[in-house]
There are 2 protein chains.
Amino acid sequence: MHVTIIGTGLMGCSLGLALKKSGHYITGVDQNETHLQEALKRGALDKTGRLEDAIREADLVALCIPVNAIISVLPKVLDNVPLHAAVMDMGSTKLDICNLADKHPRRESFVAVHPMAGVEHSGPMAAHIDMFLHARVLICNPQNSSSDALNKVLGILQEMKMKAIFMDAHDHDRQLALVSHLPQFMAYALSSMEELDRDTHRNWTELGGGGLQSSIRLGKSDANMWMPVFHQNKENLLQFLNSYMHQLLEMKRMIENNQDDDLNKLIKKANANYEKLNYRNNKPRPMVPNQGAPKVFYS
Amino acid sequence: MHVTIIGTGLMGCSLGLALKKSGHYITGVDQNETHLQEALKRGALDKTGRLEDAIREADLVALCIPVNAIISVLPKVLDNVPLHAAVMDMGSTKLDICNLADKHPRRESFVAVHPMAGVEHSGPMAAHIDMFLHARVLICNPQNSSSDALNKVLGILQEMKMKAIFMDAHDHDRQLALVSHLPQFMAYALSSMEELDRDTHRNWTELGGGGLQSSIRLGKSDANMWMPVFHQNKENLLQFLNSYMHQLLEMKRMIENNQDDDLNKLIKKANANYEKLNYRNNKPRPMVPNQGAPKVFYS
């Protein structure tokens, strides 16, 4: 199959590496010439191309770009893609993208995809051939895609042994706001604190243990990817953010006023919610070493 | 050396496993009879004992109990420990403990120790023989310990190849409030959110990726260990918590008012602070598999 990958950063380059390995022919498109050449050099692409040409020759177009760029590019891609071809995105928000696609006469050719994989690093040099291997993948509003398009997309996802979960785009955005966008927001707030910049002559990593490392690692993530996610999922994010800030305020009062019983009850609730999350019974995916990155957490 | 370990949970049992391996004779003491028997069964102890006897026969006493329990027990331990013996604690706060020790005539026998190792799980069944291996260890106010006591403690820490960092107890508590106690507080706030309990019929882990997992894992930690830490380090914690909440509020306003330039600047600051944390140049410790726990992050 001829796959055109638009955007050759972390996601696009990882996708290219995996799909080339399973025998597909890959054309890469990127406004960022450095990324494009790096992805080519890393063996993620068979060739590079111009947007219009690369769309017209594709059996499948994968949009691996920030969600605001998906909104800009998707109509043009659907306008120009061959009749037999499918188009998928890889964005972290789904409602605005699905709403836009719904207005297009070629809606059926589009499949809304959100792979639950990624790292805090960005760019093609952080890509990994096994980034998507065995990961879950959320597919939104599949009833609006043709079975041809859906099967084409599921086919390549299955080559990477991904586990598909079908859901409504509205539910997706609401639920991801809680489990992904809020934690990202929290990490940016922590990592951007002035005190981390001054306050001591020491290297904080000398003092911070695994707790700091796991709380702060998302602070490394790229603004170009996340700002449009926060915008597109603003209402849901703000709602959960209010809820989280309320929780912090309650806990702060409990500490200030020595309300030990209340704090103990709240921590037991946190423990219980964690247990419900059931990480124990989810077989963990292996940790995959990454270029230049000491610890990489895949979903 | 005869080492008496008071508290045979995660830390005490891990210490026992490591020290027995390097040839020491270990007596375990715990009010929790189940923990004590589990630690014995796991091979972390040579025998169990009563507090008074176990103190009197020790060359080294290690207090592996919550920081409020350290405050209760330390004077009694120093009262009864043989003249040649040393006493160390393993608590996550240091100022109150050092202040208390300073008032004791046997102050010189005490060494204030905080190993930068641990996991979110608790109890002897979560212990691991290599939990402290190659970890950093903060030693506070070493000038108030005798060189005999200090060398005895450094000796066993070096057997576990731990890297000692000496610091002032006041600085310790202030800095750990930012890099450890605040992240713990944040994780409890996130994990205890009502929405994680209802809001969807799905298992959240199906939707949440590595971001949720690393943001929430500290929510599993034991209230008995952390509540006394929050209390003893209340002033520092509240100060950094205010700062963090202010940051969240600023970011919330930026999202609400579409202040993209400001948000972008803040995220770049988060990225830059993360880089300064310099995780890349810190050789990561290997991930150690743990009983019943899918992913274990050591410091």
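Residues numbered from 1 in each chain as written. Chains lettered and ligands numbered in written order. Predicted model: local features only at pLDDT ≥ 70, side-chain atom pairs only at ≥ 80, totals over all residues. Heavy atoms only, no water.

Undergrad: So what exactly am I meant to see when it comes to the packing of helix α4 (residues 67-80) of chain B against helix α5 (residues 95-102) of chain B here?
TA: All names here are of chain B. Look at α4 against α5: their axes get within 10 Å of each other, and the N-to-C directions meet at 5 degrees. Comparing the axis directions of α4 and α5 gives the class roughly parallel. Contacts from V67, I70, I71, L74 and P75 of α4 reach α5 at D96, I97, L100 and A101. Here the contact of α4 with α5 is built from residues that sort into 8 nonpolar, no polar and 1 charged. (Axes fitted to C-alpha atoms, helices over the stretch in contact; angles between N-to-C directions. Helix = DSSP H or I, 4+ residues; strand = E, 2+ residues; numbered from the N terminus. Parallel < 35°, antiparallel > 145°, perpendicular 65-115°, else oblique. Contact = heavy atoms within 4.5 Å. Nonpolar A, V, L, I, M, F, W, Y, C, P; charged D, E, K, R; others polar.)

Undergrad: For this particular structure, what's the right way to read the relation of the copies chain B and chain A?
TA: Each copy of the chain is related to the other by a rotation around an axis and a translation along that axis. The transform that puts chain B on chain A rotates by 180 degrees and translates by 0.0 Å along the axis, for an RMSD of 0.0 Å. As the rotation angle and translation indicate, the two copies are arranged about a two-fold axis. By residue overlap, the copies meet face to face through one surface: 100% of the interface positions of chain B are interface positions in chain A. (Least-squares fit on C-alpha atoms with pLDDT ≥ 70 in both.)

Undergrad: Explain the nonpolar core here, please?
TA: Across soluble globular proteins, nonpolar side chains show a tendency to be buried alongside one another. Counting 130 residues, the largest nonpolar core has L63, L182 and Y244 of chain A together with L63, L182 and Y244 of chain B as its most contacted members. Not counting residues within four places of it along the chain, the set of residues in contact with L182 of chain A comprises A177, L237, F240, L241 and Y244 of chain A together with L190 and M193 of chain B. (Core = buried A, V, L, I, M, F, W, Y, C linked by side-chain atoms within 4.5 Å. Buried < 20%, exposed > 50% of the residue type's maximum accessible area, 1.4 Å probe, protein only.)

Undergrad: Teacher, can you tell me more about the domain arrangement of chain A here?
TA: Frequently, the measure chosen for interface size is the accessible area that the parts lose on association. Residue and element names in this part refer to chain A. We note that the domain assignment places domain 1 (2-168) and domain 2 (172-280) within chain A. On a C-alpha basis, the centroid separation for the pair domain 1 and domain 2 is 30 Å. The interface of domain 1 with domain 2 comprises 19 residues on the first partner and 16 residues on the second. For the domain 1 and domain 2 pair, buried surface summed over both sides reaches about 1,400 Å², with 59% attributable to carbon and sulfur atoms. Looking at the side of domain 1 facing domain 2, the largest losses of area belong to S92, T93 and E120, adding up to 39% of the total buried there. On inspection of domain 1 and its partner domain 2, the count reaches 1 salt bridge. In this structure, R217 engages E120 in a salt bridge whose closest nitrogen and oxygen atoms are separated by 2.9 Å. The interface formed by domain 1 and domain 2 includes 8 residue pairs in polar contact (both at pLDDT 80 or more). Of all the elements in the fold, those that place two or more residues in the side of domain 1 that touches domain 2 are α4 (67-80), α5 (95-102) and β7 (136-140). Residues of the side of domain 1 that touches domain 2, tallied by class, amount to 9 nonpolar, 6 polar and 4 charged. (Domains from an automatic or database assignment. Buried area = accessible area lost by both parts, 1.4 Å probe. Salt bridge = Lys/Arg side-chain N within 4 Å of Asp/Glu carboxyl O. Polar contact = N/O pair within 3.5 Å; in protein donor to acceptor, adjacent residues only side chain to side chain.)

Undergrad: Help me understand the interface of chain B and chain A, please; the structure alone is not making it clear to me.
TA: Taken together, the contact pairs 97 residues of chain B with 98 residues of chain A. Joining chain B to chain A, the criterion identifies 4 salt bridges. For K220 of chain A, the salt bridge is made with E275 of chain B, and the minimal N-O distance between the two is 3.5 Å. The tally of links between chain B and chain A comes to 31 residue pairs in polar contact (both at pLDDT 80 or more). Sort the elements by how many residues they give to the side of chain B that touches chain A and helix α12 (residues 234-256) of chain B lands first, with 15 residues. Across the side of chain B that touches chain A, the residue classes tally to 46 nonpolar, 28 polar and 23 charged.

Undergrad: Please clarify how the environment of D262 of chain A should be interpreted in this entry.
TA: Residue and element names in this part refer to chain A. Summarising the element assignment, D262 is placed in helix α12 (residues 260-277). D262 gets classed as partly exposed once you look at its relative accessible area, which sits at 35%. Spatially, the C-alpha atoms of D262 and K20 are 56 Å apart, while their sequence positions differ by 242 residues.

Undergrad: Where do I start with the sheet that holds strand β1 (residues 2-6) of chain B in this structure?
TA: The strands that make up a sheet pair up through hydrogen bonds in the backbone, lying either parallel or antiparallel. All names here are of chain B. Spatial strand order, β3-β2-β1-β4-β5-β6-β7-β8: 8 strands in an open sheet with mixed pairing. In the strand order of this sheet, the two ends are held by β3 (47-48) and β8 (163-167), each with one partner. Relative to strand β2 (residues 25-29), β1 runs parallel, the two being bridged by 5 bridges. Looking at the pairing, T4 lines up with T27 of β2. Across the sheet, α4 is in contact with β1, β4 (60-63), β5 (86-89) and β6 (110-115); its angle to β4 comes to roughly 170 degrees. (Pairing = 2+ DSSP bridges.)

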